Amino acid sequence: MTVNTQWELEGKTAIVTGASRGIGRAVALRLAREGAWVLLNCASNTAKAEEVLKEIEGMKAEGIAPASAGGAVRAFSVANEALVNDAVQSVLADQGKVDILVNNAGITRDNLMLRHSAEDWDTVLETNLKGTFLMTKAVTKAMMKARAGSIVNMSSVVAQMGNSGQGSYCASKAGIIGFSKSAARELGSRGVRVNVIAPGFIETDMTNQLPEDARKAMADNIALRRFGSVEDIAEATLWLASLRSAYVTGQVIGINGGLYM
Ligand code: NAP
């Protein structure tokens, strides 16, 4: 198969949830740099998401990204089925298709199990796991009809290892792995691939909240002795989104610096 490696995603339509900050922002920029039109979703931080859109326009103006790159901002909770369906329908109406979905939106409500409230548990599971299901369900019909599509779901290394004080988060992220493998089996015969990225500790707002001594202790357990960058995750996402990974589905790709093997 010949793949144009200069602009790998020219003419492709992508949806990235949680694209206002951190990993989602880097993923959206990386996909756009290859020519994708990207729906930039966030929960409420539209000003930040608009900045990402401006960066995409800037890349186009500088010739770093092709003319097909672009996007739109849409704030909605991935846990709200009606809003999810509305957003996906509007992309289908405007762009005619969805080629790539990156389910990246995620939250934590960390607490030791005995102190963890049932409300916080539900909030984490609703956003991280149900949100991934709702978004995937919403794009599936169009992808199946097109007999093509790549869905990339953001899990975490702690889904594989467990982590004290992160029971709800780990459960949600492990659920994403089981859900993704099932979806990969359901959709594979229609040409739709579903894969998971399990990032290790990445430099973002989520990990910057940790105290410095905790960050140092965590880095000491990583074979490469450092946190990863959002670009490390964006590169892997691009690979899974593109046809370079055409024979890859149902896989969990660990991008963790050797924290977990
Ligand atoms: P982050 O900086 O905290 O950003 C979270 C993003 O998700 C924001 O864009 C936020 O929008 C959006 N969001 C939150 N709740 C939402 C909802 N209900 N509906 C739609 N969007 C919502 O997160 P991050 O560190 O980049 O992490 C991104 C993903 O990677 C998450 O799934 C996380 O679990 C996973 N991950 C991160 C790490 C890490 O070390 N950072 C490691 C492993 C896995 P607003 O800006 O509007 O709030």
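Residues numbered from 1 in each chain as written. Predicted model: local features only at pLDDT ≥ 70, side-chain atom pairs only at ≥ 80, totals over all residues. Heavy atoms only, no water.

A.B. asks: Looking at this structure, how should I read the packing of helix α4 (residues 118–146) against helix α6 (residues 167–187)?
C.D. replies: At their nearest, the axes of α4 and α6 sit 8 Å apart, and the two run at 15° to each other. Relative to α6, the element α4 is oriented roughly parallel. Crossing hand, α4 versus α6: right-handed. In this structure, α4 uses Trp121, Val124, Leu125, Asn128, Leu129, Thr132, Phe133, Thr136, Thr140 and Met144 to contact α6, whose residues at the interface are Gly167, Ser168, Tyr169, Ala171, Ser172, Lys173, Gly175, Ile176, Phe179 and Leu187. For the contact of α4 with α6, a count of residues per class yields eleven nonpolar, eight polar and one charged. (Axes fitted to C-alpha atoms, helices over the stretch in contact; angles between N-to-C directions. Helix = DSSP H or I, 4+ residues; strand = E, 2+ residues; numbered from the N terminus. Parallel < 35°, antiparallel > 145°, perpendicular 65-115°, else oblique. Left-handed = near helix turned anticlockwise from the far one by under 90°. Contact = heavy atoms within 4.5 Å. Nonpolar A, V, L, I, M, F, W, Y, C, P; charged D, E, K, R; others polar.)

A.B. asks: Help me out: how do you make sense of the pairing of strand β2 (residues 37–42) in this one?
C.D. replies: Along any regular strand, the residues point their side chains to alternate faces of the sheet. Counting buried positions along β2 gives six out of six residues, so the element sits mostly inside the fold. Residues Trp37, Leu39 and Asn41 point to one face of β2 and Val38, Leu40 and Cys42 to the other, with burial holding for every one of them. Sheet topology note: the strand β1 (residues 13–16)/β2 ladder contains four bridges and is parallel. Each bridged residue has a counterpart across the sheet, and for Thr13 the counterpart in β2 is Trp37. (Buried < 20%, exposed > 50% of the residue type's maximum accessible area, 1.4 Å probe, protein only. Pairing = 2+ DSSP bridges.)

A.B. asks: Quick question: what am I supposed to make of the packing of aromatic side chains here?
C.D. replies: A ring pair, where both rings are aromatic, is described by two values, the distance of the centres and the angle of the planes. Taken as a whole, this structure holds two aromatic pairs when the rule is applied. The aromatic ring of Phe227 is capped on one face by Arg215, whose charged end is 4.8 Å from the ring centroid. (Phe/Tyr/Trp six-rings, centres within 6.5 Å; stacked < 30°, edge-to-face > 60°. Lys NZ or Arg CZ within 6 Å of the ring centre and 35° of its normal.)

A.B. asks: What should I look at first to understand the site of the ligand in this one?
C.D. replies: Lining the immediate environment of the ligand, one finds 32 residues, of which Ser20, Ser44, Asn104, Tyr169 and Thr204 sit closest. One nitrogen or oxygen atom from the side chain of Thr204 is found 2.7 Å from an oxygen atom belonging to the ligand. Coverage of the ligand by the protein chains reaches 93% of its 910 Å² of free accessible surface. Looking at the shell around the ligand, the elements that each hand over two or more residues are α1 (22–33), β2, α6 and α7 (205–208). The biggest single contributor to the shell around the ligand is α7, with three residues. (Near = heavy atom within 4 Å. Polar contact = N/O pair within 3.5 Å; in protein donor to acceptor, adjacent residues only side chain to side chain. Areas by Shrake-Rupley, 256 points an atom, 1.4 Å probe, with all protein chains shown as cover.)

A.B. asks: Is there a simple way to think about the environment of Thr123 in this case?
C.D. replies: With respect to the helices and strands, the residue Thr123 is situated in helix α4. Only 2.9 Å separates the side chain of Thr123 from the backbone oxygen of Glu119, close enough to count as a polar contact.

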